2 protein chains.
Amino acid sequence: MFTLAEENYLKAIYHLEFKFQGEVSTNAIAEKLEAKASSVTDMVQKLAEKSLVSYTKYKGTHLTPEGRKIAAKVVRKHRLWEVFLVDKLDFQWDEVHEIAEQLEHIKSDELIVRLDKFLGSPKFDPHGDPIPDQQGNIKNTKKRLLAEVENKQRGICVGVKESSADYLRYLDKKKIGIGSEITVVSKEYFDGSMIIEVGPKQFSISKKIAENLYVQVN
Amino acid sequence: MFTLAEENYLKAIYHLEFKFQGEVSTNAIAEKLEAKASSVTDMVQKLAEKSLVSYTKYKGTHLTPEGRKIAAKVVRKHRLWEVFLVDKLDFQWDEVHEIAEQLEHIKSDELIVRLDKFLGSPKFDPHGDPIPDQQGNIKNTKKRLLAEVENKQRGICVGVKESSADYLRYLDKKKIGIGSEITVVSKEYFDGSMIIEVGPKQFSISKKIAENLYVQVN
DNA sequence: CCTAATTTTTAGTCTAGTCTAAAAATAGTA
DNA sequence: TACTATTTTTAGACTAGACTAAAAATTAGG
Ligand SMILES: [Mn+2]
Ligand SMILES: [Mn+2]
Ligand SMILES: [Mn+2]
Ligand SMILES: [Mn+2]
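This report concerns the structure included in the present document. Note on numbering: residues in each chain are counted from 1, in written sequence order. Here every chain gets a letter starting at A, and every ligand a number starting at 1, in the order they are written. pLDDT decides what is reported in this predicted model: residues at 70 or higher carry local features, side-chain atom pairs at 80 or more are listed and counted, and totals for whole chains, interfaces and linings draw on all residues regardless. Heavy atoms throughout the structure, all of them, feed into the side-chain values; hydrogens and water do not.

### Comments concerning the interface of chain B and chain A
So, step 1. Pairs of residues are marked as contacts when any of their non-hydrogen atoms sit within 4.5 Å. With 20 residues of chain B at the contact, the number on the chain A side is 20 residues.
So, step 2. Contact with chain A buries surface across chain B, with Leu89, Gln102 and Arg114 of chain B losing the most and accounting together for 32% of the total.
So, step 3. What counts as a salt bridge is simple: a side-chain nitrogen of Lys or Arg found within 4 Å of a carboxyl oxygen of Asp or Glu. Counting across the chain B and chain A interface gives 0 salt bridges.
So, step 4. The term polar contact refers here to a pair of N or O atoms within 3.5 Å; inside protein, the definition further demands a hydrogen-donor-capable atom paired with an acceptor-capable atom, and it admits residues adjacent in sequence only when both atoms are side-chain atoms. Where chain B touches chain A, the interface holds 6 residue pairs in polar contact (both at pLDDT 80 or more).
So, step 5. Strands are runs of DSSP state E lasting at least 2 residues, helices are runs of H or I lasting at least 4, and numbering of each runs from the N terminus. Elements with a contribution of two residues or more to the side of chain B that touches chain A: helix 4 (65–88), helix 5 (97–103) and helix 6 (109–118) of chain B.
So, step 6. Ranked by residues supplied to the side of chain B that touches chain A, first place goes to helix 6 of chain B with 5 residues.
So, step 7. For this classification, Asp, Glu, Lys and Arg are treated as charged, while Ala, Val, Leu, Ile, Met, Phe, Trp, Tyr, Cys and Pro are nonpolar and the rest, including Gly, are polar. The class makeup of the residues in the side of chain B that touches chain A is 11 nonpolar, 3 polar and 6 charged. Here the quantity called buried area is the total loss of accessible area, with a 1.4 Å probe, experienced by two parts when brought into contact, counted for both.

### Some thoughts on the protein's contact with DNA strand D
So, step 1. Taken together, the neighbourhood of DNA strand D is formed by 20 residues, with Thr3 and Ser39 of chain A together with Gln45, Tyr55 and Lys57 of chain B sitting nearest.
So, step 2. Here, proximity means that at least one heavy atom of the residue falls within 4 Å of the molecule or strand. Within 4 Å of the protein, atoms of DNA strand D come from sugar and phosphate in 76% of cases.
So, step 3. Lys57 of chain B is positioned such that a nitrogen or oxygen atom in its side chain is 2.6 Å from a phosphate oxygen of DNA strand D.
So, step 4. Measuring from a phosphate oxygen of DNA strand D, one finds a backbone N or O atom of Tyr58 of chain B at 3.1 Å.
So, step 5. Among the residues making up the surface near DNA strand D, the classes are represented as 8 nonpolar, 9 polar and 3 charged.

### Quick word on the coordination of the manganese ion (ligand 2)
Residue and element names in this part refer to chain A.
So, step 1. Listed donors are limited to N, O and S atoms within 2.8 Å of the metal, widened to 3.2 Å for Na, K and Ca; water is not among them, so incomplete-looking sites are possible. Listed as protein donors to the manganese ion (ligand 2) are Glu82 (OE), Asp125 (OD) and His127 (ND1); their distances from the metal cover 2.1 to 2.4 Å.
So, step 2. Counting the intervening residues between successive donors of the manganese ion (ligand 2) yields the motif E-x42-D-x1-H.
So, step 3. Taken as an interatomic distance, the gap from the manganese ion (ligand 2) to the manganese ion (ligand 1) is 3.4 Å; Glu82 donates to each of them. Taken as a pair, Glu82 in helix 4 (residues 65–88) and Asp125 in the loop between helix 6 (109–118) and strand 3 (144–145) lie far apart in primary sequence, 43 residues in all. Residue Glu82 shares its accessibility class with Asp125, and that shared class is buried. Buried, partly exposed and exposed residues are distinguished by accessible area as a fraction of the type maximum, computed with a 1.4 Å probe on protein chains only: under 20%, between the cut-offs, and over 50%, respectively.

### Here's the deal with the relation of the copies chain B and chain A
So, step 1. Least-squares superposition aligns the copies on the C-alpha atoms of those residues with pLDDT at or above 70 in both. Expressed as a screw operation, the relation of chain B to chain A combines 0.0 Å of axial shift with a rotation of 180°, fitting to an RMSD of 0.1 Å. The transformation relating the two chain copies, once decomposed into turn and shift, fits a two-fold axis. Proximity to the rotation axis, assessed at the C-alpha, singles out Leu103 of chain B in chain B; its C-alpha lies 3.8 Å from the axis.
So, step 2. When the interface residues of chain B are mapped onto chain A, 100% of them again lie at the interface, so the same face is used by both copies.

### A short note on the pattern of salt bridges
Residues and elements named next belong to chain A.
So, step 1. Within the structure shown, the criterion is met by 25 salt bridges over all chains.
So, step 2. Asp94 is the salt-bridge partner of Arg169, the closest N and O atoms lying 2.8 Å from each other. Here Arg169 is found in helix 7 (residues 165–173), whereas its partner Asp94 is found in the loop between helix 4 and helix 5 (97–103), with 75 residues between them in sequence.
So, step 3. Given a relative accessible area of 45%, Arg169 falls into the partly exposed group.
So, step 4. Among the charged side chains, a network of salt bridges with common partners joins Lys11, Glu101 and Glu104.

Here's what the structure looks like:
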């Protein structure tokens, strides 16, 4: 069994490895966990001792297969609980992350199995992020950022890059959610803003918004 | 906010106060939490500092209204989660306690409100124990031990005193659960055993079994 | 290629929560 | 009451996990 702190470190490294596609720096972990670099050095050394990460001084850290398995399991639990909170308890998608941060550490394999079944074995969480299966494999979709979509093309919203409550609430206000059909009406190359069509409405969104929304375009 | 350890101490004191109807000794807490008495002294002093318990050296500890409120909330969460696990995830009633020990520490008032609603605001957990309401009040029923029921009387099973997995599985095997109608057919005064009728069957149970089952007799 | 800025690690300290061993207080009994 | 057994508290030590400050290594720019 692993401690809460260990699980959080492994999860952070998991996400950072995915983001940077490689070795993870001490500072990157520190920033993600809002901790000091010295604390991170301490912990990765302990994790290396337990063969959960491989770590070379000054070079960086990455997960071993064992560490990756544990991290993926925590992510699986996090996302399953988020589905539970939204689908069963009627939370809004911007309200669930903090609670899932706690629930992801509940230890019981049987619980995950039953929760998964209860939820109908969902493949994506409320933010469109894929839920790893029991083996830790994730289904990777060929999504892209809305900002990269060409004029006149249409895509289906499949996820968000950042999921701050502020951002998610903005999307709610604009009636954009997972599954929404979004058409790029025109793009302003000066500031990266674009006019999009969602349902019956057309409106303008800023570059920042478009850079944080994933869509799937066929 | 309170730490996991603090919540566990408060909950233990809450249960012990109820059991002994008064001041709780350091040793009693130590035994319940499987900790050493010296650790308990340490913690109750800290809790007293925070006005969650009142404590007098060598005399004992009891909850302040504030401490009682927190403890009741933890118990409420524990029992609501047990209902969730049994009613929604189809766990058996002997499998849920350990998981609820973890879930009871999840911090989110909104979560409790929604979970309670989702479950239909249950008043009792799967073991027949009352679920405190938001204010921490519990509905106290006039239940009694099956061992104290007179010959030829009939009662409805409303709870168990001990809820070890072994005991609960024994009851399952005998098809005794919350809501079962139990009639005392005859009592053997030599060893305290009794013959009871449950549904279509009559069989003998030992004194130990009868002393751990609560029934309501009108 | 050398120096300066940045990153990372080490050394030392702190808190929460636990323990053991010893001391102190209380309770039980002759 | 006096002695003993039990309970409780204190003193001191330990671990996990965090931090600050300083040292060491790496990277970047001229
Ligand atoms: Mn999340
Ligand atoms: Mn998510
Ligand atoms: Mn329980
Ligand atoms: Mn219970």
